[in-house]
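# Reading the structure
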Amino acid sequence: MDRKKSSPSVCVLIVSYNFERWIDKCITSLQNSSFPVSIVVVDNGSEDNTCNILQKSYPEVQLIKNSDNMGFGRANNAGMEYITEQDYKYAFLLNQDAWIETETISRLVDAAEKNRDYGILSPVHLNGNGNAADLGFYEYTGIRNREDALKLNPEVIEYKFINAAMWLIPVSTWNDVGGFATIFSHYGEDLNWTQRSRKLGYKVGVVKSAFGYHDREERPLSRTKFFYSEYVYFLTEAVNPRSEE
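Residues numbered from 1 in each chain as written. Predicted model: local features only at pLDDT ≥ 70, side-chain atom pairs only at ≥ 80, totals over all residues. Heavy atoms only, no water.

### As for the overall build of the protein
- Scanning the protein from terminus to terminus reveals 9 helices and 9 strands.
- For the protein, the proportion of its 245 residues judged to be buried stands at 52%.
- As displayed, the protein has an accessible area near 11600 Å², and 47% of this comes from carbon and sulfur atoms. (Helix = DSSP H or I, 4+ residues; strand = E, 2+ residues; numbered from the N terminus. Buried < 20%, exposed > 50% of the residue type's maximum accessible area, 1.4 Å probe, protein only. Areas by Shrake-Rupley, 256 points an atom, 1.4 Å probe, with all protein chains shown as cover.)

Now the structure itself:
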């Protein structure tokens, strides 16, 4: 791996499953980052050409291949084990269907260095077109678009929860909180991790001048997925260490 060293060092962690549709936009955005980053992809047994494309077009990316789909949380835990072993200071968890702007990592790291009490810092999540906030992000924050975000004060705004599509985490915080709970196979693990981190006194925040894009608005929620989401909600509440909230 051609590791780009920076101080402090950042490794981007992407869990992939049939990543082919977004590979170029996602990886290129990281290569164009003004703050140099390394990239590790943990592939959950993709059935398309994800692994071939990564190995041929992006040889600098560290690829960890799973034979089957081990779930979002377990795959992230595997990637974080690698990041910890390589002694990076920060991990940036990035969804495969997301990408960032040139200054995003730089602004997140700058905010993290100045605000050591934050365990999670996230950019503003715009939708894939960039003309509005991602719907889930809007529900958590009330931020409707780029203009709304830039009007906020101060630079870092605290929230109870931001979904893990784009998280900058100090590796020391991850080691303190522990990995994603494997009781969650997909969805809910980020809420549970946030609850556990806040129980230990870490804050969760958004950096108002950092932006990323999450391309998921055209995927409708099926009846099965709706009931699964309700199940996950009740599960996260059942194990919530901050249940008084």
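### Section: the side chain of T173
- In this structure, T173 sits in helix α7 (residues 171-177).
- With sequence-adjacent residues up to four places away left out, T173 is seen in contact with G119, W193 and Y202. (Contact = heavy atoms within 4.5 Å.)

### Section: the packing of aromatic side chains
- Taken as a whole and assessed by the stated rule, the structure comprises 7 aromatic pairs.
- Centre to centre, the rings of W99 and Y213 are 5.9 Å apart; their planes meet at 10°, and the pair counts as stacked. Linking W99 in strand β5 (residues 98-100) with Y213 in strand β9 (residues 203-214), this pair joins segments that are 114 residues apart in sequence. Note on accessibility: W99 and Y213 belong to one class, buried.
- The interplanar angle of 85° and the centroid separation of 5.2 Å between the aromatic rings of W174 and F180 together place this pair among those described as edge-to-face. Both residues of the pair, W174 and F180, count as buried.
- Each member of the aromatic cluster is reached from another via a ring pair, and the members are F72, W167, W174, F180 and W193. (Phe/Tyr/Trp six-rings, centres within 6.5 Å; stacked < 30°, edge-to-face > 60°.)

### Notes on the nonpolar core
- The biggest cluster of nonpolar side chains holds 73 residues, and the ones touching the most others in it are I14, I83, F92 and L94.
- Those residues in contact with I83 that lie beyond four places of it in its chain are C11, L13, V40, Y88, A91 and V171. (Core = buried A, V, L, I, M, F, W, Y, C linked by side-chain atoms within 4.5 Å.)

### Concerning helix α4 (residues 104-114)
- Considered for burial, the residues of α4 that qualify are T104, I105, L108, V109, A111 and A112. Buried residues of α4, viewed axially, fall in a sector of 165°; they line one side. (Arc of directions from axis to C-beta.)

### Things to note about the pattern of salt bridges
- Applying the stated criterion to the full structure yields 8 salt bridges.
- Among the salt bridges present, the one from E113 reaches K89, with a minimum N-O distance of 2.9 Å. Pair noted here: E113 is in helix α4 and K89 is in the loop between α3 (72-85) and β4 (90-94), with a separation of 24 residues, a long-range link.
- In this structure E113 comes out as partly exposed when scored by relative accessible area, which is 26%.
- For K89, a relative accessible area of 34% gives the class partly exposed.
- For the salt bridge of D148 with R144, the shortest nitrogen-to-oxygen distance reads 2.7 Å.
- Owing to a relative accessible area of 14%, D148 belongs among the buried residues under this scheme. (Salt bridge = Lys/Arg side-chain N within 4 Å of Asp/Glu carboxyl O.)

### So, the environment of N115
- With respect to the element layout, N115 can be found in the loop between α4 and β6 (118-127).
- Residues N115 and V156, 41 residues apart in the sequence, show an inter-C-alpha distance of 8.5 Å.

### Quick look at unusual backbone geometry
- The peptide bond linking N153 to P154 adopts the cis configuration, its omega dihedral lying at 10°.
- Here P154 is to be found in the loop between α6 (146-150) and β7 (156-159).
- With a phi close to 55°, N18 is a non-glycine residue in the positive phi region.
- Secondary-structure assignment places N18 in the loop between β1 (10-16) and α1 (23-31).
- By relative accessible area, N18 is classed as partly exposed at 24%.
- For D87, which is not glycine, the phi dihedral falls at a positive 65°.

Purely geometric numbers; function is a separate question.
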